[in-house]
Amino acid sequence: MANSNTNPQIRDTYSPLNSLVMQALRRYGDFHPGTIDGDVMLMFMEFANIIIDEIRMHPYHDGTEIDYYQSPTDVREIPDIIIVSGLLYHYAVQQGSQKLELYMPTYNRTLNQQLWQKLNGNTKIQMRVVDDGTNKRNTGGGKTDENNGTVSY
């Protein structure tokens, strides 16, 4: 899977949190991102750590360990697009904004798409047979993949 890096001018892989916060604030359009103070940055770091918890609990998460952000300059191996979408969503919730109607479904779709891509690549979602079942397709020795439901022989 290609890296999801929205700031290739800064790093070759994932972006530092402070860059992602600035992107989210620019997209949100509330004020000039360069005018934020340390308390706002700490609030966004809390949001980013909530996003990490949401990734850890997501059914498509592959189980890799993800540490919390401890500094605004920290980098985590999470696609930038997930963090930015999540920051926009959590900030809209915190602001009590009507923009929540846009950012909530966008964040959920982004989270699902990116984690599915990381777990299974570009495969179709199929129903999962949890016990290799009694279906005729499995009697020939086929095994069902636990992650995406595809049968291999």
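Numbering of residues starts from 1 in every chain and runs along the sequence as written. Only residues with pLDDT of 70 or above have their local features reported here, since the model is predicted, and side-chain atom pairs are shown and tallied only from 80 upward, although totals for entire chains, interfaces and linings are computed over all residues. Each side-chain value is derived from all of the structure's non-hydrogen atoms; neither hydrogens nor water enter the calculation.

A. Summary view of the environment of serine 97. Numbering goes from the N terminus for both helices and strands, where a helix is a DSSP run of H or I of at least four residues and a strand is a run of E of at least two. In this structure, serine 97 sits in the loop between helix H3 (80-95) and helix H4 (100-120). A simple rule labels every residue: compare its accessible area, found with a 1.4 Å probe on the protein chains alone, to the largest value its type can have, and call it buried under 20%, exposed over 50%, or partly exposed in between. Of the residues examined, serine 97 reaches a relative accessible area of 19% and is grouped as buried. We call two residues contacting when some pair of their heavy atoms lies within 4.5 Å. Ignoring sequence-local partners within four residues, the contact set of serine 97 consists of Tyr28 and Ala92. Pairs of N or O atoms are called polar contacts if they sit within 3.5 Å, as long as, within protein, a hydrogen donor faces a hydrogen acceptor (for residues adjacent in sequence, only side-chain-to-side-chain pairs). Side-chain polar atoms of serine 97 contact the backbone nitrogen of lysine 99, separated by 2.9 Å.

B. Fine view of the packing of H3 against H4. One can describe the packing of H3 onto H4 by two numbers: an axis separation of 8 Å at closest approach and a directional angle of 150°. By the criterion of interaxial angle, the relationship of H3 to H4 is roughly antiparallel. The handedness of the crossing between H3 and H4 comes out as left-handed. Contacts from Ile81, Ile82, Ser85, Gly86, Leu88, Tyr89, His90, Ala92 and Val93 in H3 reach Leu100, Tyr103, Met104, Thr106, Tyr107, Thr110, Leu111, Gln114 and Leu115 in H4. Here the term charged refers only to Asp, Glu, Lys and Arg, the term nonpolar to Ala, Val, Leu, Ile, Met, Phe, Trp, Tyr, Cys and Pro, and the term polar to all other amino acids, Gly among them. Here the residues of the contact of H3 with H4 sort into 12 nonpolar, 6 polar and no charged. Angular values range over 0 to 180 degrees, each being the angle between N-to-C directions of two axes fitted as lines to C-alpha atoms, with helices fitted over their stretch in contact. Each angle is binned into one of four classes, with values under 35 degrees roughly parallel, values over 145 roughly antiparallel, values of 65 to 115 roughly perpendicular, and all other values oblique. It is the rotation of the near helix from the far one that decides the hand of a crossing: anticlockwise by less than a right angle makes it left-handed, clockwise makes it right-handed.

C. Representation of the confidence of the model for the chain within the structure. Values of pLDDT, the confidence the predictor places in each residue, fall between 0 and 100. Confidence in the prediction of the chain, expressed as mean pLDDT, is 84, and 79% of residues score 70 or more. Looking across the chain, the model is least confident in helix H5 (residues 136-139), with a mean pLDDT of 58, and most confident in H3, with 97.

D. Seen up close, H3. Expected helix span is taken as 1.5 Å per residue step, with the number of steps being one fewer than the number of residues. A rise of 1.5 Å per residue sets the reference length of H3, with its 16 residues, at 22 Å; its end C-alpha atoms lie 22 Å apart and thus fit the reference within 8%. Regarding H3, the residues found buried are Asp80, Ile82, Ile83, Val84, Ser85, Gly86, Leu87, Leu88, Tyr89, His90, Tyr91 and Ala92. In this structure, the buried side of H3 is in contact with helix H1 (17-28), helix H2 (38-57) and H4. Of the residues trailing H3, glycine 96 is marked for its positive phi of about 65°.

E. Looking closely at the side chain of serine 85. Secondary-structure assignment places serine 85 in helix H3. Taking the relative accessible area as the measure of exposure, serine 85 reaches 8% and is therefore buried. Those residues within four positions of serine 85 in sequence are excluded, and the remaining contacts are Thr106, Tyr107 and Thr110.

F. Representation of the side chain of histidine 61. Examined against the element boundaries, histidine 61 turns out to sit in the loop between H2 and H3. Its relative accessible area of 15% is what places histidine 61 among the buried residues. Discounting residues that sit within four places of it in the chain, histidine 61 has contacts with Ile55, Arg56, Ile66 and Leu115.

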